[in-house]
Amino acid sequence: MDKTLISRRFAKAVGTYLDKADVQRYVASRMAELTGRYIPEDVQERVLEIGCGTGMFTRMYLKQATPEEMWLNDLCPEVKPYLADVLGEKVHFVAKDAETLAFPGGRDLIVSCSAVQWFDDLPRFFSGCRRLLHEGGYLAFSTFGPHNTEEVATLASAGLSYPSLEALREMLAARYEVVYAHEEQLRLSFASPLEVLRHLKETGVTGTAAQAWTRGRLQEFCRNYTERFSDERGRVYLTFHPIYMICRK
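This text gives an overview of the structure that appears in the document. (Residues numbered from 1 in each chain as written. Predicted model: local features only at pLDDT ≥ 70, side-chain atom pairs only at ≥ 80, totals over all residues. Heavy atoms only, no water.)

## Regarding the overall build of the protein
Summing up its helical and strand segments, the protein has eight helices and nine strands in all. Counting the 249 residues in the protein, one finds 50% classified as buried. Within the protein, contacts between residues at least 6 apart in sequence are counted, and of these 75% link residues at least 24 apart. For the protein, the accessible surface area stands at approximately 11600 Å², while carbon and sulfur atoms represent 48% of it. (Helix = DSSP H or I, 4+ residues; strand = E, 2+ residues; numbered from the N terminus. Buried < 20%, exposed > 50% of the residue type's maximum accessible area, 1.4 Å probe, protein only. Contact = heavy atoms within 4.5 Å. Areas by Shrake-Rupley, 256 points an atom, 1.4 Å probe, with all protein chains shown as cover.)

Right under this line is the structure:
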């Protein structure tokens, strides 16, 4: 992963993310619901959120929980102004690469919503989170599976390598008790392939794509996308594949 490129792409999308990130908003609401359902209130006093972005999940979480201390983390320092309404005496922000795991220990809950798919070494990260947690503490996260944005990946020969639910469960089983694991597939509909690309750009999902679009390449992409991924209404679709995991140390 080119973390500098990822940070730059997300920084450019900060201003449009809250309005355009419909799937991420849905996933955030599911994560907030799941943490409330599966994690006891007394194990949510010292919380660390990884990849908080503009605070979409953070606000949902803080409507239902009152942690004594919460650290918010993101790779992009540019998101901090968007968190002004939640930061304060008990809620703090730090901009850094979360894979360094340089966070205060003694956490009751480490939570991450739609972020860990950008990480280089998930097994190492999961082990590091375990060291930061109290015994009986929880790691809860959402990520995306192998079918995520597969239409674009197929035609553009680019995209992340997403682990399956089974692979994630195997990574976690040696370190945690897996309390909850679930996956689903969602489809968004767009008027054209150009709208698909615009949506991905406005939500920062093009974070690893370094190749420039030439006019010819873009025309070919749009033609192939329309031929292969149109629905019965003549619109094109894009698949998202969220995965939810809740684990106990």
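Having seen it, we continue.
## Things to note about helix α2 (residues 22–38)
Taking 1.5 Å of rise per residue, 17 residues should cover 24 Å, and α2 covers 24 Å from first to last C-alpha, within 8% of that figure. Here α2 has its buried residues at Val 23, Gln 24, Val 27, Ala 28, Arg 30, Met 31, Ala 32, Leu 34 and Thr 35. (Expected span 1.5 Å × (residues − 1).)

## Here we look at the nonpolar core
Within the largest apolar cluster, 76 residues are counted, with the highest numbers of intra-cluster contacts made by Phe 126 and Leu 139. Dropping the residues within four chain positions of it, Leu 139 is found in contact with Ile 110, Phe 126, Cys 129, Leu 133, Leu 172, Tyr 176, Met 245, Ile 246 and Cys 247. (Core = buried A, V, L, I, M, F, W, Y, C linked by side-chain atoms within 4.5 Å.)

## What about the packing of aromatic side chains?
A ring pair, where both rings are aromatic, is described by two values, the distance of the centres and the angle of the planes. The full count for this structure, using the stated rule, is eight aromatic pairs. Relative to Tyr 225, the ring of Phe 221 has its centre 5.5 Å away and its plane inclined at 55 degrees; by these criteria the two rings are tilted. Highlighted residues: Phe 221 and Tyr 225, both in helix α8 (residues 215–228), separated by four residues, approximately one helical turn. On the basis of relative accessible area, Phe 221 is assigned to the buried category, the value being 3%. Overall, Tyr 225 belongs to the buried group, its relative accessible area being 0%. What links up through ring pairs into an aromatic cluster is the set Phe 119, Phe 125, Phe 126 and Phe 141. Lys 96 extends its terminal NZ or CZ atom over the ring of Phe 103, reaching a point 5.3 Å from the ring centre. (Phe/Tyr/Trp six-rings, centres within 6.5 Å; stacked < 30°, edge-to-face > 60°. Lys NZ or Arg CZ within 6 Å of the ring centre and 35° of its normal.)

## Details of the sheet that holds strand β2 (residues 69–74)
As a general point, the strands of a sheet are linked pairwise by backbone hydrogen bonds and lie either parallel or antiparallel. Strand order in the open sheet formed by seven strands is β3-β2-β1-β4-β5-β9-β6, and the pairing between neighbours is mixed. At either margin of the open sheet sits one strand with a lone partner, and together these are β3 (91–95) and β6 (177–183). Between one strand axis and the next, the sheet turns through 15 degrees on average, direction left out of account. α2 contacts β4 (107–113), β5 (133–144), β6 and β9 (242–248) of the sheet and is inclined by roughly 25 degrees relative to β9. Relative to β5, helix α4 (residues 122–132) is tilted by about 145 degrees, and along the sheet it contacts β1 (46–50), β4 and β5. (Pairing = 2+ DSSP bridges. Axes fitted to C-alpha atoms, helices over the stretch in contact; angles between N-to-C directions.)

## With respect to the pattern of salt bridges
Across all of its chains, the model carries 11 salt bridges by this definition. The partner of Arg 25 in a salt bridge is Asp 22, and the shortest N-O contact between them spans 3.5 Å. Taken together, the positions of Arg 25 and Asp 22, both in helix α2 and three residues apart, correspond to about one turn of that helix. Exposure remark for Asp 22: the relative accessible area of 41% places this residue in the partly exposed category. One salt bridge connects Glu 45 with Arg 46, and the closest N-O pair in it is separated by 3.6 Å. When salt bridges that share partners are traced, they join Arg 30, Glu 33, Arg 37 and Glu 184 into one network. (Salt bridge = Lys/Arg side-chain N within 4 Å of Asp/Glu carboxyl O.)

## Some details on the packing of α4 against helix α6 (residues 165–173)
Their axes nearest at 10 Å, the elements α4 and α6 cross at an angle of 45 degrees. With respect to α6, the axis of α4 lies oblique. α4 and α6 meet at a crossing whose hand is right-handed. On α6, the residues touching Leu 122, Pro 123 and Phe 126 of α4 are Leu 168, Met 171 and Leu 172. (Parallel < 35°, antiparallel > 145°, perpendicular 65-115°, else oblique. Left-handed = near helix turned anticlockwise from the far one by under 90°.)

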